[in-house]
Amino acid sequence: MIRFILALIIFIIGAFLTIGGLWLASLEGTKGYILLGALLVISALLLFGGRKGGLVIYGVALLYALGWGVYEVGLYWWGLAPRGGVLVLLGLFLLLPPVVRALPRGTVGFRNYGVEGVALAGSIAIATIVAIVSMVTQPYDMRGQFADTRMEAQPVSSTEAEDGEWSSYGRTAAGQRYSPLAQITRDNVADLEVAWEYHAGDIHEDLPGTALESTPLIVEDTMYLCTPKSEVIALDPVTGEERWRFAPVLEGLTPILAHYTTCRGLAYHDATGLGWEVSGDAPPTKEEAAALIAASSASVTIKAAGVSQNIVAGTADEGDPNPEVDDDAPLEPSPIRADCLRRIFLPTRDARMIALSAETGTICPGFGGDDGTVNLWVGMPNISPTAFYSTSPPVITDKVVVVGGSVDDNISDRLPSGAIRAFDIRTGRLVWNFDPGNPDDTSPITAGKTFTQNVPNNWSVGSFDPELNLVYLPMGIGSPDQYGADRTENDERFGTSVLALDAATGAVEWVYQTVHHDIWDYDVPAQPSLVDLEINGATVPALVQATKQGEIFVINRATGEPVLPVTEVAVSQNAVPGEKPSPTQPVSAISFAPPPVTGAQMWGLTPIDQMLCRIDFANLNYEGRFTPASLNGTLTHPGSFGVFNWGGVAVDPARGIAFAMPVYLGFISTLYERPDTLDLIVSREGAPMGNENFGTPYAAVLKPFMSRIGLPCQQPPWGYVAGIDLTTGETVYQHVNGTVRDMSPVPLPLETGVPGIGGPIATGGGVAFLSGTVDYYVRGYDLATGDELWKARLPAGGQATPATYMGRDGRQYLVVVAGGHGYVGTKLGDAVIAYALPEE
């Protein structure tokens, strides 16, 4: 009976591989599955007939699968496993004594196993040896080390922040994600332990895209973070005890409208010593604070046009952008409460910016009005609840607060604007606005006018250079992401670029485009990192920009010219009618572009699902990294998840090193012709709107390139850590990073290299930290080699960028937010965990 069952299983596998192999061969794919399937079918037929010759043929099939696998992927265990794992397991079952006894036809030596059984055992032994060798071989690891003299460089302090504080999203306005603190070193990082743990209590499983992504600020002995629903929490950074909590009343948030809800961080400004007139007013009572919150909420005016599920062709209010002031007259600032000299700026999910007292957590009147609020809907076209808000903290200069915003894109071609605005740091009065559709006029918008709809937007974090007085903003593209035939000249100029604006006027200083005519959703996702580099004996004011497509551009931040070489390479022109892709795309000297995808890289648990992935791949359009979306379906690799996303890279200014987390996941991008109506083409009933792209010729569907059993079709590794010499562009090391413990049904800590989102930080102690991988760990790495030195288990996904600071007790702390991420698929949570070395 066992023999019959095994023979039947082998026959079914063989038949499936033979038929599928013929199908794949007809698509000009490999013919290897035909031979493998035929050998398995022959083996099964012999086993059905009780012939030990079936064992020999099975052994031949196993060796063939093994040899073919080594030829295609080398001695890489994760690449070989689907080719031979199941076959080895079945082979072991075939050698069970009851099975061998049930095969009377054949030789009888070797304890009745015969020559045939010995031959199969030999094949399994060879496969086992190859498996063991491949397990200890990591062809995708690149070992290297920065010189000791470089690692011994003294930590660099900043004039913008105290060494022991983390006062901005990237610690300073330069966005380096670097701290000069050096109490935690490569020698003692393994001793880190939990100092305290706090739970924010803001978990919303009803909002599928919710994400607690906040990077805490630590200033003046207080920690500040924000939650997905725009609450602000102040904690004691040494004990984790809550000091105060601010919870605004949000407008229009429902699961169908607010399917993506996050707050990546806050902004902080200290006006102490600036000579602002201080009133004698005391902080408000609880009742007065509640009234201010209600007034702030009431200041939001939203006109939904009532079209299906947030699809709007409305217009903004016709009111004055500064309704309480005369635009032609200077605004006399009113005295400020003493507790409001230090303020926290909160971008809310319903498109406001609120000024809070950093001391008391109460609203600070006088910023934007008595309610301490600037309404970001003012001046916007096509107003609709949740269609626009700022997911990222604003940029703070000495004069203004600069804020962009995220547009709920790919719904239609009539969306809010990507206009960037600067408000007076004290009063909230609009100082200038940069409208990508009208870039030459940066004077504050006047009554009755609106910004240009559906233009490139700045949804990520910006940076600021106070010496050059320039604000640097990573830009996306207007909708739709996958079709750009109707874009304007200004869309093409500013889309998917790094934009440098004069902080005083909003005028364009320079713009550097990282993707031409972007039709892949390759928005520039990360905060630019500003650093001075020593190159060829000269100090260069540089800007380091990580991108979704895998390029890291190093640009002169004063001029916008490349510091490290950039070349233009020819790309696919195979696009749908009407689309005109750019003939070339820029490639930087620092490139983490994935190698071209081939059928040999397809993956699975068994030869069957691996073959099906190869069939799917053969049916897709793919002509390299920049293959346009198509009606047939296009493999976009990397997908819109990006090699790098909003977490960016950490830049060590003392050592000239960047520490990065490149990840690799392919997506399938398919276009569907659509009529010029509001008919749903690609959205499921009851689900948040997908890429319907109303008003355009095509709807679009994007989905990860996954197998029939829910695994990536592309073989691991899917994620790395890497160290880059920013002065030469050399990648010094690159290591597979992360396990499938929290991706697989069985929690096995097998290191495949996994995706992640969230950024790394670097420290003066020569240690880098990262928590963004989809396995629930925070890790510490040797910045010199990239080797993992420490890790700690998290209660949920750590899809945020950590921070480090010095507590009043003299200990250096590492703080991690473990909130998970709905779209990434990690467990949602609300934990804020601080680590420190043991107290002496």
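Higher on the page you've got the structure.
Residues numbered from 1 in each chain as written. Predicted model: local features only at pLDDT ≥ 70, side-chain atom pairs only at ≥ 80, totals over all residues. Heavy atoms only, no water.

**Q** Help me get a handle on the packing of helix α3 (residues 53-73) against helix α4 (residues 77-94), residues and values and all.
**A** Between α3 and α4, the least distance of the axes is 9 Å, while the angle of their chain directions is 165°. By the criterion of interaxial angle, the relationship of α3 to α4 is roughly antiparallel. Relative to α4, the crossing made by α3 is left-handed. Seen from α3, the contacting residues are Leu55, Tyr58, Leu62, Ala65, Leu66, Gly69, Val70, Glu72 and Val73; seen from α4, they are Gly79, Leu80, Arg83, Gly84, Val86, Leu87, Val88, Leu90, Gly91 and Leu94. By residue class, the composition of the contact of α3 with α4 is 13 nonpolar, 4 polar and 2 charged. (Axes fitted to C-alpha atoms, helices over the stretch in contact; angles between N-to-C directions. Helix = DSSP H or I, 4+ residues; strand = E, 2+ residues; numbered from the N terminus. Parallel < 35°, antiparallel > 145°, perpendicular 65-115°, else oblique. Left-handed = near helix turned anticlockwise from the far one by under 90°. Contact = heavy atoms within 4.5 Å. Nonpolar A, V, L, I, M, F, W, Y, C, P; charged D, E, K, R; others polar.)

**Q** Can you explain the state of the cysteines? Please cite residues and give values.
**A** Considering all chains together, one arrives at 3 disulfides under this definition. Across the disulfide from Cys226 sits Cys263; the S-S distance is 2.1 Å. Here Cys226 and Cys263 share a disulfide; its torsion about the S-S bond, -95°, makes the bridge left-handed. On the criterion of sequence distance, the pair formed by Cys226 in strand β4 (residues 222-226) and Cys263 in the loop between β6 (242-246) and β7 (267-270) is long-range, its members being 37 residues apart. Judged by relative accessible area, which is 0%, Cys226 ranks as buried. Shown here is the disulfide that connects Cys340 with Cys364, its sulfur atoms set 2.0 Å apart. Taking the torsion about the S-S bond as the criterion, the Cys340 to Cys364 disulfide, at about -95°, is left-handed. Of this pair, Cys340 sits in the loop between α8 (286-298) and β8 (342-347) while Cys364 sits in the loop between β9 (352-357) and β10 (373-375), and the two are 24 residues apart along the sequence. Cys340 gets classed as buried once you look at its relative accessible area, which sits at 1%. According to the relative accessible area criterion, Cys364 is buried, its value standing at 1%. If you count the bonded cysteines of the protein chain from the N-terminus, they pair up as 1-2, 3-4, 5-6. (Disulfide = S-S within 2.5 Å. Buried < 20%, exposed > 50% of the residue type's maximum accessible area, 1.4 Å probe, protein only.)

**Q** Account for unusual backbone geometry, naming residues and giving values.
**A** Apart from glycine, the bulk of residues carry a negative phi angle, and the bulk of peptide bonds sit in the trans form. Between His637 and the following residue, Pro638, the backbone shows a cis peptide bond with an omega angle of 5°. Within the fold, Pro638 resides in the loop between β27 (634-636) and β28 (650-652). Of the consecutive residues Pro716 and Pro717, the connecting peptide bond is found in the cis state with omega at 0°. Relative to the assigned elements, Pro717 resides in the loop between β31 (698-704) and β32 (720-725). The phi dihedral of Arg171 falls on the positive side, at around 80°, and the residue is not glycine. Position of Arg171 among the secondary structure elements: in the loop between α7 (148-151) and β1 (178-179). On the accessibility criterion, Arg171 (2% relative accessible area) is buried.

**Q** Report on the nonpolar core, specifying residues and quantitative values.
**A** If you look at the biggest cluster of nonpolar residues, it comprises 38 residues, and the most contacted ones within it are Trp196, Phe769, Trp790 and Tyr835. Those elements giving two or more residues to this core turn out to be β2 (193-199), β4, β5 (232-235), β35 (767-770), β37 (788-793), β38 (803-806), β39 (812-818) and β40 (831-836). (Core = buried A, V, L, I, M, F, W, Y, C linked by side-chain atoms within 4.5 Å.)

**Q** I'd like a description of the packing of aromatic side chains, backed by residues and values.
**A** A full pass over the atoms with the stated rule returns 26 aromatic pairs. On the numbers, 5.2 Å between centres and 75° between planes, the contact of Trp520 with Phe626 is edge-to-face. One end of the pair, Trp520, is in the loop between β20 (508-513) and β21 (529-535); the other, Phe626, is in the loop between α10 (607-619) and β27, with 106 residues separating them in the sequence. As far as burial versus exposure is concerned, Trp520 and Phe626 are alike and both buried. An aromatic cluster of at least three residues, connected via ring pairs, comprises Trp77, Trp78, Trp603 and Trp718. A cation over a ring is seen here: Arg349 above Tyr389, with NZ or CZ 3.7 Å from the ring centre. Cation over ring: Arg793 sits above Tyr777, and NZ or CZ is 5.0 Å from the ring centre. (Phe/Tyr/Trp six-rings, centres within 6.5 Å; stacked < 30°, edge-to-face > 60°. Lys NZ or Arg CZ within 6 Å of the ring centre and 35° of its normal.)

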